[in-house]
Amino acid sequence: MIKLRSKRFSRSSSKLNNGGNSIKGGAEKACGGIRTEIKWELRPGGMLVQKRDNGESSEGEGMITIRVSTVSKWHDISIEATSTFGELKMILSLVTSLEPREQRVLFKGKEREDDEYLHMVGVRDKDKVLLLEDPATKERKLYGLAGTKPIETPCRTISV
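The model shown is predicted, which means the values in this text are computed figures rather than measured ones.

A. Up close: the pairing of strand S9 (residues 128-133). Pairing between strand S5 (residues 63-69) and S9: three bridges, direction parallel. If you follow Ser 69 over to S9, its bridge partner there is Leu 130.

Structure, rendered in structure tokens:
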């Protein structure tokens, strides 16, 4: 944190600038001998913070690639780091033909809820996520196909 002093108590400017690493009025900073301007941003909570560099991909920003493992296949999914596991399930439903409610997504050995954010849990670029089919829906499909409850399909008669 920078403490700003009033002019009458501060040293002369010639004594402060001889090292080359001083901060000029809180607007510039020395970075390896190169002076760069500090940019500020106002967060939604009202906090004034130093703006992040856009050139570097920091945690919680940008697109990441997640490797999703099903029982027999791998899928590489590109998604924003600030997405939720529910949004990931929606994308996986297009790839795996499993409905989002039939999916169980595990990361670091724990099943994740639909409203949890990827970056908050710690999912980063090139991390692996395990996708399993929900055992309850698997069982329902099995009983439906075994004939205990016959599945009635609507039929139409087409007359020519």
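B. A nonpolar patch on the surface, seen in detail. Judged by side-chain polarity, Trp 40, Leu 42 and Leu 48 come together as a nonpolar surface patch covering roughly 370 Å² of accessible area. Relative to the helices and strands, Leu 42 is located in strand S3 (residues 40-42).

C. Seen up close, the nonpolar core. The biggest cluster of nonpolar side chains holds 16 residues, and the ones touching the most others in it are Ile 66, Phe 85, Leu 88, Leu 118 and Val 123. Breaking this core down by element, the ones donating at least two residues are S5, strand S6 (74-80), helix H2 (85-96), strand S7 (103-107), helix H3 (118-121) and S9. Contacts of Val 123, omitting those with residues within four sequence positions, involve Ile 64, Ile 66, Phe 85, Phe 107 and Leu 118.

D. Molecular detail of H2. Taking 1.5 Å of rise per residue, twelve residues should cover 16 Å, and H2 covers 15 Å from first to last C-alpha, within 8% of that figure. Every buried residue of H2 is listed here: Phe 85, Gly 86, Leu 88, Lys 89, Leu 92, Ser 93 and Thr 96. Each buried residue of H2 lies within a common arc of 150° when the element is viewed along its axis, so the set occupies one face. Facing away from the buried side of H2 by more than 90 degrees, the exposed set consists of Met 90 and Leu 94.

E. Layout of the pairing of S6. Of the two faces of S6, only the one carrying His 75, Ile 77 and Ile 79 is buried; Trp 74, Asp 76, Ser 78 and Glu 80 on the other face are not. From the end of S5 to the start of S6, which pair antiparallel, there are four residues.

The rules behind these values
Residues numbered from 1 in each chain as written. Predicted model: local features only at pLDDT ≥ 70, side-chain atom pairs only at ≥ 80, totals over all residues. Heavy atoms only, no water. Pairing = 2+ DSSP bridges. Helix = DSSP H or I, 4+ residues; strand = E, 2+ residues; numbered from the N terminus. Patch = residues over 30% accessible without salt bridge, like charges linked within 9 Å, V, L, I, M, F, W, Y side chains within 5 Å. Areas by Shrake-Rupley, 256 points an atom, 1.4 Å probe, with all protein chains shown as cover. Salt bridge = Lys/Arg side-chain N within 4 Å of Asp/Glu carboxyl O. Core = buried A, V, L, I, M, F, W, Y, C linked by side-chain atoms within 4.5 Å. Buried < 20%, exposed > 50% of the residue type's maximum accessible area, 1.4 Å probe, protein only. Contact = heavy atoms within 4.5 Å. Expected span 1.5 Å × (residues − 1). Arc of directions from axis to C-beta.

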